[in-house]
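Read off the chains here:
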Amino acid sequence: MLNQMHVEETSFSFSERAPSPPDRRNSTRHLKILRVGSLIIGSKTELCLIRNISAGGLMAHVYCSLDVGQKVTVALKSHHTLSGTVIWIADGNAGIAFDELIDVEEMLSNPALLENGWMPRIPRVEVDWLATVRTGAKICWVSVRDISQGGVKIEADERLEAGQPVVLTLDKFRSVEGVIRWFDDGFGGISFNELVPFHELMSWLRSS
């Protein structure tokens, strides 16, 4: 069962816009490993699952009734709260636009957040970059949709087979060896053979 499911983790984006509703183009199943947050509505506190965080807002799976235009506060950890407004609701998910832009880079590189368990290592960061994937003597162009220390999600016109060893090459970054873990409907996941060091990846993200 699990090998037929893709893992969905909380992702981060440097965009100044709040996340849009999730894409429902296919029915691919996901094993959800999402960060838990607290949704504060007036005097009430409800749990939620954080799906995506950008500089301008977040998307969360919620378990309570919300209205568009409602003011809320999201607590990622007990001492880290973000206030905002609900801007859309769809399929149990809510989009929340922050009252003020947040510094995603600071959030990703803050040692205090690493120590308190919110992020044991850098999560997936949404990107939109071209790269090459080499399998043996064959090279194909792909679009990288997100990246973490452990791998990338790609979009490719040519089908790649799960289990294939590959070499991923991104602009201004060294080539990284890995393995195709899954490929479905033009999208795939590459798992790196070794974790990219946190500070190396953060330095590259800053310069890109």
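For every chain, the first residue of its written sequence is number 1, and the numbers climb from 1 along that sequence. Two thresholds apply to this predicted model, a pLDDT of at least 70 for residue-level local features and 80 or more for giving and counting side-chain atom pairs, whereas whole-chain, interface and lining totals are computed over all residues. Each side-chain value is worked out from all heavy atoms of the structure, with water and hydrogens disregarded.

Draft legend 1. How the structure looks around the overall build of the protein. Along its length, the protein carries 3 helices and 15 strands. Exposure categories follow from relative accessible area, calculated using a 1.4 Å probe and restricted to protein chains: below 20% of the type maximum is buried, above 50% is exposed, and the middle band is partly exposed. The burial tally for the protein puts 44% of its 208 residues in the buried class. Considering only contacts within the protein whose residues lie at least 6 apart along the sequence, 55% involve residues at least 24 apart. Per-residue and other accessible areas were derived by the Shrake-Rupley procedure at a 1.4 Å probe size, with only the shown protein chains allowed to occlude residues. Summed over its atoms, the accessible surface of the protein is roughly 11300 Å², and 48% of this surface lies on carbon and sulfur atoms. Counting from the N terminus, the helices are the DSSP runs of H or I reaching at least four residues and the strands are the DSSP runs of E reaching at least two. The criterion used for residue contact is that any of the two residues' heavy atoms lie within 4.5 Å.

Draft legend 2. The arrangement of the packing of aromatic side chains in detail. Only Phe, Tyr and Trp rings take part, Trp by its six-membered ring, and two of them pair if their centres are within 6.5 Å. Stacked means planes under 30 degrees apart, edge-to-face means over 60, and tilted covers everything else. Counted by the stated rule, this structure contains 2 aromatic pairs. Between phenylalanine 173 and tryptophan 204, the aromatic rings sit 4.7 Å apart at their centres with planes inclined by 35°, giving tilted as the arrangement. Placement of phenylalanine 173 in the loop between strand S13 (165-170) and strand S14 (176-184) and of tryptophan 204 in helix H3 (residues 198-207) is noted, with a sequence separation of 31 residues between them. We note that phenylalanine 173, like tryptophan 204, is buried. The ring centre of phenylalanine 187 lies 5.2 Å from the NZ or CZ of lysine 153, which sits over that ring. Lysine NZ or arginine CZ positioned within 6 Å of the ring centre and within 35 degrees of the ring normal marks a charge as sitting over the ring.

Draft legend 3. Structural detail: H3. Within H3, the full set of buried residues consists of Phe198, Leu201, Met202, Trp204 and Leu205. One side of H3 carries all its buried residues, which in axial view fall inside an arc of 160°. The arc in question is the one spanned by the directions pointing from the helix axis to the C-beta atoms.

Draft legend 4. Representation of the pattern of salt bridges in the model. We count a salt bridge whenever a side-chain nitrogen from Lys or Arg sits within 4 Å of a carboxyl oxygen from Asp or Glu. Applying the stated criterion across every chain yields a total of 7 salt bridges. Of the charged contacts, one joins glutamate 46 and lysine 44 as a salt bridge, the two residues approaching to 3.8 Å between their closest N and O atoms. On the basis of relative accessible area, glutamate 46 is assigned to the partly exposed category, the value being 24%. Relative accessible area serves as the criterion here: at 47%, lysine 44 is assigned to the partly exposed category. Note that arginine 145 is salt-bridged to aspartate 128, the shortest N-O span being 2.5 Å. Here the residue arginine 145 occupies a position in strand S11 (residues 138-147), and aspartate 128 occupies one in strand S10 (residues 124-135), the gap between them amounting to 17 residues. Overall, the relative accessible area of 27% leaves arginine 145 in the partly exposed class. Salt bridges sharing partners connect three or more residues here, namely Asp128, Arg145 and Glu155.

Distances and angles like these do not, on their own, reveal function.
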